Amino acid sequence: MPRAKILVTGGAGFIGSHTCVALIEAGYQPLVLDTLVNSDARSLQRVGCITGLQPLLLRCDVRDGAALDRVFAEHAIEAVVHLAGLKAVGESVADPLAYYDVNLAGTLALVQAMGRAGVRTLVFSSSATVYGDARHSPIPESAPYAAVNPYGRSKAMVENLLADLAHADPRWGIACLRYFNPVGAHESGLLGERPHGPPANLMPYISQVAAGEREYLLVHGADYETIDGTGVRDYVHVMDVAEGHVAALRHAAREPGILMTNLGTGRGASVLEVVCAFERASGRRIALRIGPRRPGDAPAYWADARNAQARLGWRARRDLDQMCADSWRWQAANPHGFDDPVPPMQPPWLGADLQIFHATSNLGHSNA
Ligand code: NAD
Ligand code: UD1
């Protein structure tokens, strides 16, 4: 049976590359569309090392309707997983138009091209940021939109655009996944997150402190009304998130309409709990200093995860210890990210039916 082709926009990025692994393991063939503005094509070589199947890279912009038409004409694509976007909150405040352009206009161009091609199954990367500074956790999907920055508002606008589309045309099947805090790395240590410059997010920062690359972690406030005064979030393993896309894809393919669902564990962990878990996983001490609160941070929130379980049959399976262990394995084996050579080992997770490599010359293929 040939594998069904799934277009994965933003597939070279952190969540996209792990989603490619999950899609291949579920029997699909991902085709990656990415400008590489915030990623590295070598992530796809690592996907190939893990699964035996390296996704084709189509290097083009999701806002480019003519290029999208060519992609749909050249490949028999059955569905789209749309992760391409910009995601830095501070940058979105400084340059909101860039965020509305890539995140909103990019999605509009994509669904217009999908409509022209007759492809109407879509999974969209949304974010818990659409809830803004939600006061009550666990947060259910029925909580109102209350995004507090242009990034979050661009995600809420896309959700509204997609809801309008699904209501107007019942041939569409769409799932919007509101991720909480995706962290961790593939268990092989071959694939993970390597931010450009100093990490803005907690887990990559802790990893770099553990590795000796940074001196200490600055804890952004220890005077919140939480278990130990530090901020509480719902950290969810990136491979659980990746597998959530497979469940959502199956759902969107069989059920017309639109589904909005959280992807989280349903549990919160404080900054200090994450630090302790990382120390256990790495055997390293994480030096820290307590600083002031970070502007715009909410004290605490976590997901109501019941809808994803009920509608998608998905729940997070990996705990905080595994998130830290996998982050550390990736960091320790690849201190320079994808600049490090692929570790010479035979991965035990390589399925016998997935041993065929696609030509590596696919990398860098340009459709523009
Ligand atoms: P990422 O930056 O690693 O991945 C995004 C990818 O999109 C990158 O590979 C980038 O090169 C690509 N891209 C950006 N603009 C593009 C364009 N115009 N055309 C084509 N490709 C483009 O980020 P990620 O963490 O993997 O996030 C993926 C998606 O999930 C984003 O939409 C993000 O907003 C959303 N999200 C992420 C998180 C998180 O914590 N990482 C949380 C909630 C939602
Ligand atoms: C941030 C974004 C959110 C995005 C998410 C994942 C903001 C306001 N929100 O969420 O939109 O979806 O990243 O990319 O930027 N912390 C420290 N020290 C650090 C870094 C973080 O103490 O050096 C604390 C924070 O105060 C917070 C927790 O760790 O309590 C998690 O922070 P972070 O990983 O940045 O995620 P969010 O702020 O939840």
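Rules of the game
- Residues numbered from 1 in each chain as written.
- Chains lettered and ligands numbered in written order.
- Predicted model: local features only at pLDDT ≥ 70, side-chain atom pairs only at ≥ 80, totals over all residues.
- Heavy atoms only, no water.
- Near = heavy atom within 4 Å.
- Polar contact = N/O pair within 3.5 Å; in protein donor to acceptor, adjacent residues only side chain to side chain.
- Areas by Shrake-Rupley, 256 points an atom, 1.4 Å probe, with all protein chains shown as cover.
- Helix = DSSP H or I, 4+ residues; strand = E, 2+ residues; numbered from the N terminus.
- Nonpolar A, V, L, I, M, F, W, Y, C, P; charged D, E, K, R; others polar.
- Buried < 20%, exposed > 50% of the residue type's maximum accessible area, 1.4 Å probe, protein only.
- Contact = heavy atoms within 4.5 Å.
- Axes fitted to C-alpha atoms, helices over the stretch in contact; angles between N-to-C directions.
- Parallel < 35°, antiparallel > 145°, perpendicular 65-115°, else oblique.
- Left-handed = near helix turned anticlockwise from the far one by under 90°.
- Expected span 1.5 Å × (residues − 1).
- Pairing = 2+ DSSP bridges.

1. Notes on the site of ligand 1
- I15, D34, N38, S39 and Y151 are the nearest of the 27 residues found near ligand 1.
- Taking D34, its side chain carries an N or O atom lying 2.6 Å from an oxygen atom of ligand 1.
- Protein chains shield 94% of the accessible area of ligand 1, which is 810 Å² for the free molecule.
- Sorting the residues of the shell around ligand 1 by element identifies α1 (14-25), β5 (121-127) and α6 (150-168) as the ones contributing at least two each.
- Taken together, the residues that form the shell around ligand 1 break down as 13 nonpolar, nine polar and five charged.

2. With respect to the side chain of H75
- Along the polypeptide, H75 turns up in the loop between α3 (65-74) and β4 (77-82).
- Taking the relative accessible area as the measure of exposure, H75 reaches 13% and is therefore buried.
- Other than its neighbours up to four places away in sequence, H75 contacts K5, L31, L56 and L58.

3. Some thoughts on the packing of α1 against helix α8 (residues 238-254)
- The interhelical angle for the contact between α1 and α8, taken along N-to-C directions, is 60°, at an axis separation of 8 Å. Classified by the interaxial angle, the pair formed by α1 and α8 is oblique. Of the two possible hands of crossing, α1 and α8 adopt the one that is right-handed. Listed contacts from α8 to F14, I15, H18, T19, V21, A22 and L23 of α1 are V238, M239, V241, A242, E243, H245, V246 and L249.
- By residue class, the composition of the contact of α1 with α8 is 11 nonpolar, three polar and one charged.

4. Structural notes on the site of ligand 2
- Close to ligand 2 lie 19 residues; L202, L218, R233, R294 and D297 are nearest.
- Take N201: an N or O atom from its side chain is 2.9 Å from an oxygen atom of ligand 2.
- H220 places a main-chain nitrogen or oxygen 2.9 Å from an oxygen atom of ligand 2.
- Top element by residues in the shell around ligand 2 is strand β8 (residues 217-220). It accounts for four residues.

5. Concerning α6
- For α6, spanning 19 residues, the distance from its first C-alpha to its last is 27 Å, which sits close to the expected 27 Å at 1.5 Å a residue.
- Among the residues of α6, P150, Y151, G152, S154, K155, A156, V158, E159, L161, L162, A163 and A166 are the ones counted as buried.

6. Observations regarding the sheet that holds strand β11 (residues 257-263)
- Strands sit in the order β3-β2-β1-β4-β5-β6-β11 across an open sheet of seven strands; the sheet is parallel. In this open sheet, the two edge strands, each paired with only one partner strand, are β3 (56-58) and β11. Recorded for the sheet is a direction-independent mean angle of 20° between the axes of neighbouring strands.
- With seven bridges connecting them, strand β6 (residues 173-179) and β11 associate as parallel partners. Opposite Y179, over in β11, you have L263 as the bridge partner.

7. Concerning helix α2 (residues 42-51)
- When you tally the buried positions in α2, you get seven out of 10 residues, the bulk of the element.
- Of the positions making up α2, those classed as buried are S43, L44, R46, V47, G48, I50 and T51.
- Positive backbone phi, at 85°, marks G52, one or two positions downstream of α2.

Bear in mind that shape data such as this cannot, by itself, settle questions of function.
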